[in-house]
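Listed here are the chains, written in short residue letters.
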Amino acid sequence: MSSAGTQRRVRVVLPVLATVAILAPLTWMWLASLMPPAYSVMDMGYPDYGGVQPDLTTAGHDHHQLGHRSMSTRSITELIADPSRPADVRVDLVARQQQPTGGPSLARYTLNGTSPGPEIRAVQGQLVEVHLRNESVGAGVTLHWHGVDVPNAMDGVAGVTQDAVPVGGEFTYRFVADQAGSFWYHSHQVSNPQVAGGLFGALMVTPKSGIAQSLDVSALAHTYGGVHTVNGKAADLHVPARPGQRVRVRVTNTDNGPMEVWSTGSYRLLAIDGSDVHEPSDVSGRSLTLTAGARADLEVQVPVGGSAVRIQLSKAIAVIVGPSGSNTPAPPQPGEKLNLLTYGTPAPLGFDPTRPTRRFDYVIGRRPGFIRGRPGMWWSINGHIYPNVPMFVVRKGDVVVTHIENRSSEVHPMHLHGHHLVVLARNGVPATGSPWRVDSLNVAAGESYDVAFVANNPGIWMDHCHNLKHSADGMVAHLMYEGFDTPYRIAGPVDNQPE
């Protein structure tokens, strides 16, 4: 063959080989991202044992599949409250796909005809029973008890702890309200549109001894299609109170992003995410960052002169506390933020985080790839994108320390179901104030946190970003206790879609 013919062949073959070299890995990545018609979270990703050897009696011989089909596993459906105990608080909720009468004009869903749904109140130690009926929510619905460390079968995550409740279907949630504090409930089936559209409500648990403040008010901040509201009204919330009276205001951020909270005069931060602050002090000239899903209990005192105290829930809307007809101008937003690393005074944690059983990394990033066959830039966890994400494996009683690092350009409100975290350090700076316990942690771009918890609530738990748009785009991992399995499947005949 002549050299000219060889050159012509090379000119033809080389582009073909280059095209194959490019398309072959892309095709493999695309195929790997496609999900079967129904799949278990137990088959997702890879196990991360946090530096501990797996227990082969519960993990099986194939560690990469977590051994969830081994003979020694228990179903999470067994993890329930005492079925023979009668309920102390019983609530019936009916979910509908409708606009509430007299409610937010952009709400698309209701619970008992309203959005937010009814406020549920219980006393610490009472057994709460909520009967949910889906009258018309076409995609199905569940209820997740945000911040409440319920038994795993009651966590309300479609495809993980239950099937989504279809139109005409029912489900009963039962749990003991062991922890006093401010919580909320919301759907965890196609959660971003359903929560944004109004499927949520407040849950308050008061201590057996009662609270020090005679006036106790909840304020749910929510944005319906760009309209800022508090308790479902696009107007400031006015709370009648006497001059000199101390008032507890429970603020809940139900949106996807963080908001700043500040007040005229001073306030005390009594609790964060349902956990009391030890020896809180007066705060002036500082705002509080309340991340998506988080709650803050603030104590304010009505001025003795008869004017009102104003709590800004961002610049858009406020809670005004004072005598009827009183008001006060909106205060400027403070330039400084309250540092929860140093707020309050130290108190015993109840465990030793300096000697953890397991250590995990949760590194948030962004990378190109495919999710469910769609190309794009996606959120990553430890360098991997959904569904090839870590399953963090623990055993009951473990002391767990996790390093969370945000290497992306956006803020992420990280939420672990079924557990509360205590913040040990931020950006390497140790916490020195009150134990800072959270279930929803604001991790800004470039920030890192070291957090700890005791693995004391067996099951399979979501560990995800509570900007629900990010969750839907794959920022979801799970915490799994060795020896447990779930019979539920994501997608499938009932189309379970937890994100």
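So, how was this worked out
Residues numbered from 1 in each chain as written. Predicted model: local features only at pLDDT ≥ 70, side-chain atom pairs only at ≥ 80, totals over all residues. Heavy atoms only, no water. Helix = DSSP H or I, 4+ residues; strand = E, 2+ residues; numbered from the N terminus. Buried < 20%, exposed > 50% of the residue type's maximum accessible area, 1.4 Å probe, protein only. Contact = heavy atoms within 4.5 Å. Areas by Shrake-Rupley, 256 points an atom, 1.4 Å probe, with all protein chains shown as cover. Pairing = 2+ DSSP bridges. Axes fitted to C-alpha atoms, helices over the stretch in contact; angles between N-to-C directions. Polar contact = N/O pair within 3.5 Å; in protein donor to acceptor, adjacent residues only side chain to side chain. Core = buried A, V, L, I, M, F, W, Y, C linked by side-chain atoms within 4.5 Å. Domains from an automatic or database assignment. Phe/Tyr/Trp six-rings, centres within 6.5 Å; stacked < 30°, edge-to-face > 60°. pLDDT = per-residue confidence, 0-100. Salt bridge = Lys/Arg side-chain N within 4 Å of Asp/Glu carboxyl O.

Describing the overall build of the protein chain
Inference 1: A tally of regular secondary structure across the protein chain gives 4 helices and 38 strands.
Inference 2: Per-residue burial for the protein chain yields a buried fraction of 55% across its 499 residues.
Inference 3: A separation threshold of at least 6 residues defines the contact pool for the protein chain, and within that pool the share at least 24 residues apart is 74%.
Inference 4: Carbon and sulfur atoms provide 55% of the accessible area of the protein chain, an area that totals close to 20200 Å².

Digging into the sheet that holds strand S29 (residues 412-416)
Inference 1: Across the sheet, which stays open at both edges, the 6 strands sit in the order S2-S27-S36-S35-S29-S33 with mixed pairing between neighbours. Both edges of this open sheet fall to strand S2 (46-48) and strand S33 (440-443), since each of them pairs with a single strand only. Going across the sheet, the axis of each strand differs from the next one's by a mean of 25°, ignoring polarity.
Inference 2: Here S29 runs beside S33; their pairing, made up of 4 bridges, is antiparallel. The residue of S33 that forms the bridge with Pro-413 is Asn-442.

Some remarks on the side chain of Ser-187
Inference 1: Examined against the element boundaries, Ser-187 turns out to sit in the loop between strand S10 (181-186) and helix H3 (191-196).
Inference 2: Residue Ser-187 is classed as buried on the basis of its relative accessible area, which comes to 0%.
Inference 3: Among the polar contacts made by the side chain of Ser-187, one reaches the main-chain amide nitrogen of Gln-189 at a distance of 3.3 Å.
Inference 4: Excluding its chain neighbours within four sequence positions, the residues that come into contact with Ser-187 are Val-141, Thr-142, Gln-194, Val-195 and Leu-199.

A word on the nonpolar core
Inference 1: Within the largest apolar cluster, 84 residues are counted, with the highest numbers of intra-cluster contacts made by Leu-269, Leu-288, Leu-313, Val-319, Val-321, Trp-436 and Leu-441.
Inference 2: For this core, the leading source of residues is strand S36 (residues 476-481), giving 5 residues.
Inference 3: Of the residues that make up this core, three or more belong to each of domain 1 (43-80 + 353-491) and domain 2 (215-273 + 280-338).
Inference 4: When neighbours within four sequence positions are excluded, Leu-441 is seen to be in contact with Thr-291, Ile-404, His-412, Pro-413, Met-414, Val-423, Trp-436, Tyr-449 and Val-451.
Inference 5: If you look at the next biggest cluster of nonpolar residues, it comprises 28 residues, including Ala-122, Met-154, Phe-183 and Leu-199.

Some thoughts on the pairing of strand S23 (residues 317-322)
Inference 1: Of all 6 residues in S23, 6 are buried; the element is thus mostly enclosed.
Inference 2: Alternating residues of S23 divide into Ile-317, Val-319 and Val-321 and Ala-318, Ile-320 and Gly-322, and every residue in both groups is buried.
Inference 3: Where strand S22 (residues 309-313) meets S23, 5 bridges bridge the pair, whose relative direction is antiparallel. Counterpart to Arg-310 in the pairing with S23 is Ile-320.
Inference 4: Hairpin connection from S22 to S23: 3 residues lie between these consecutive antiparallel strands, with Ser-314 at a positive phi of about 70°.

A few points about the packing of aromatic side chains
Inference 1: Here the structure, examined in full by the defined rule, presents 9 aromatic pairs.
Inference 2: Look at Trp-145 and Tyr-173: their rings are 5.7 Å apart centre to centre, the planes differ by 70°, and that puts the pair in the edge-to-face class. Taken as a pair, Trp-145 in strand S8 (residues 144-146) and Tyr-173 in strand S9 (residues 170-176) lie far apart in primary sequence, 28 residues in all.

Quick word on the confidence of the model for the protein chain
Inference 1: Scored by pLDDT, the protein chain comes out at a mean of 92, with 90% of its residues at no less than 70.
Inference 2: Between residues 59-70, whose pLDDT stays under 50, and residues either more than four places distant or in other chains, the model counts 31 contacts.

As for the environment of Tyr-49
Inference 1: Examined against the element boundaries, Tyr-49 turns out to sit in the loop between S2 and helix H2 (56-59).
Inference 2: Considered as a pair, Tyr-49 and Pro-390 are 341 residues apart in the sequence and their alpha carbons are 9.6 Å apart.

Overview of the sheet that holds S23
Inference 1: With mixed pairing, 6 strands are arranged side by side in an open sheet as S14-S23-S22-S16-S20-S24. Pairing within the sheet leaves two strands with one partner each, and these edge strands are strand S14 (237-240) and strand S24 (336-337).
Inference 2: Bridge count between strand S16 (residues 259-263) and strand S20 (residues 286-290): 3 bridges; the pairing is antiparallel. Its bridge partner lying in S20, Val-261 is registered against Leu-288.

Points about the pattern of salt bridges
When the charged atoms of two side chains with opposite charge come close together, those side chains can pair.
Inference 1: Overall, the coordinates contain 22 salt bridges when judged by the stated rule.
Inference 2: The residue Arg-250 makes a salt bridge to Asp-297 at a minimum N-O spacing of 3.3 Å. Of the two residues, Arg-250 is situated in strand S15 (residues 246-253) and Asp-297 in strand S21 (residues 295-301); the sequence distance between them amounts to 47 residues. Asp-297 matches Arg-250 in its accessibility class, with the two residues each being buried.
Inference 3: For Arg-295, the salt bridge goes to Asp-439, with nearest N and O atoms at 2.8 Å. Of this pair, Arg-295 sits in strand S21 while Asp-439 sits in the loop between strand S32 (437-438) and S33, placing them 144 residues apart in sequence.

Considering unusual backbone geometry
Inference 1: For the bond from Ser-115 to Pro-116, the omega torsion is 0°, close enough to zero to count as cis.
Inference 2: Residue placement: Pro-116 occurs in the loop between strand S5 (110-111) and strand S6 (120-123).
Inference 3: The omega torsion across Tyr-386 and Pro-387 is 5°, close enough to zero to call that bond cis.
Inference 4: As for its position among the elements, Pro-387 is in the loop between strand S26 (374-381) and strand S27 (390-394).
Inference 5: Positive phi, normally seen in glycine, also occurs at Ser-314, with a value near 70°.
Inference 6: Following the sequence through the fold, Ser-314 ends up in the loop between S22 and S23.

Some words on the side chain of Glu-482
Inference 1: Position of Glu-482 relative to the elements: it lies in the loop between S36 and strand S37 (484-485).
Inference 2: A polar atom in the side chain of Glu-482 sits 2.9 Å from the side chain of Arg-395.

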